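# An overview of the molecular structure
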Amino acid sequence: MSAKPVPGRITAAAEGDVVVLLIGMRINHFWAVHQWLPVMLSMFRMLGELARDRGRGLLGHVLLTASPRSYHVVQYWESKEKLYAYAAAADALHHRVWGIVNRKERAGRLRQHVGLWHEAYVVPEGSYESIYFDMPPAGLAAATGTLPVESRGRRAADRFAHRSSGARGEADGQGESGESGEDAPRR
């Protein structure tokens, strides 16, 4: 990382649910560069497309390599609805790329030179916490901004217990309408 470290302890400024998409590729045959290089370049092009249009919902991403064969991207999204919308948007590169993959698969032209995978998670508020010590913002903090750790609690249990102002009524058994208990509207 080239960013300057933030001294002391910080935490991610995430509010509400966190949507995490893990996506990656595995090169099954190194010699088939003409098969796996376009896949890799497509991911970089999609990330560029999302960076140019922040309204699509990608908050940030981290590129990782697990081995010379395996490359992963951790993505943080505003909502699962925005993730789905991007995946299905006819004007987006993702839609065109999957059209190509699907046509090749139907024609029996996929040769298993490259593997693809993804996992998507919606992590409810209160089910995640973060801490970063003497380092630049990374991961969730790079995607959502940072706060002094004391604002959410110095202990992990305190950070897990944090609720954004919009969620406090629900955490107290109060719905948005101020009703409590069984009379509160279900979501």
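Residues numbered from 1 in each chain as written. Predicted model: local features only at pLDDT ≥ 70, side-chain atom pairs only at ≥ 80, totals over all residues. Heavy atoms only, no water.

Spatial ordering of the open sheet is given by E3-E4-E2-E5, a layout of four strands whose pairing is antiparallel. Two strands close off the open sheet at either side, each with one partner strand: strand E3 (58-65) and strand E5 (114-123). Across the sheet, the mean angle separating the axes of adjacent strands is 15 degrees when strand polarity is ignored. Two elements, E3 and strand E4 (residues 70-77), share seven bridges in a ladder whose sense is antiparallel. Counted as the bridge partner of Leu64 is His72 from E4. Sheet contacts for helix H1 (residues 33-52): strand E2 (18-27), E3, E4 and E5; angle to E4, the most-contacted strand, approximately 20 degrees. (Pairing = 2+ DSSP bridges. Helix = DSSP H or I, 4+ residues; strand = E, 2+ residues; numbered from the N terminus. Axes fitted to C-alpha atoms, helices over the stretch in contact; angles between N-to-C directions. Contact = heavy atoms within 4.5 Å.)

All right, on to the sheet that holds strand E1 (residues 6-12) then. With respect to topology, three strands assemble into an open sheet ordered E6-E1-E7, the strand pairing being antiparallel. Among the strands making up the open sheet, the edge pair consists of strand E6 (132-135) and strand E7 (146-148). Sheet twist, expressed as the average angle between the axes of neighbouring strands with direction ignored, equals 50 degrees. Across three bridges, E1 lies against E7 in antiparallel orientation. Paired with Ile10 across the bridge in E7 is Pro148.

This part covers the environment of Ala138. By secondary structure assignment, the location of Ala138 is in the loop between E6 and helix H4 (139-144). Sequence separation of Ala138 and Gly60 is 78 residues, and the distance between their C-alpha atoms is 9.7 Å.

So, about the nonpolar core. As a rule of thumb, soluble globular proteins bury nonpolar side chains together. Grouped together as the largest cluster of nonpolar side chains are 16 residues, with contacts concentrated most on Trp77 and Tyr86. Counting only elements with at least two residues in this core, the list comes to E2, H1, E4, helix H2 (80-88) and helix H3 (93-106). It is H1 that contributes the most residues to this core, four residues altogether. Apart from residues lying up to four places away in sequence, Trp77 is in contact with Val19, Leu21, Leu50, Arg56, Gly57, Leu58, Leu59, Lys82, Leu83 and Tyr86. (Core = buried A, V, L, I, M, F, W, Y, C linked by side-chain atoms within 4.5 Å. Buried < 20%, exposed > 50% of the residue type's maximum accessible area, 1.4 Å probe, protein only.)

A word on the pattern of salt bridges. Applying the stated criterion to the full structure yields seven salt bridges. The closest approach of N and O atoms between Glu15 and Arg152, which form a salt bridge, is 2.8 Å. Of the two residues, Glu15 is situated in the loop between E1 and E2 and Arg152 in the loop between E7 and helix H5 (156-161); the sequence distance between them amounts to 137 residues. Among the residues examined, Arg152 registers a relative accessible area of 10% and is labelled buried. A salt bridge links Glu150 to Arg154; the nearest nitrogen and oxygen atoms lie 2.9 Å apart. On the basis of relative accessibility, which here comes to 45%, the residue Arg154 falls in the partly exposed class. (Salt bridge = Lys/Arg side-chain N within 4 Å of Asp/Glu carboxyl O.)

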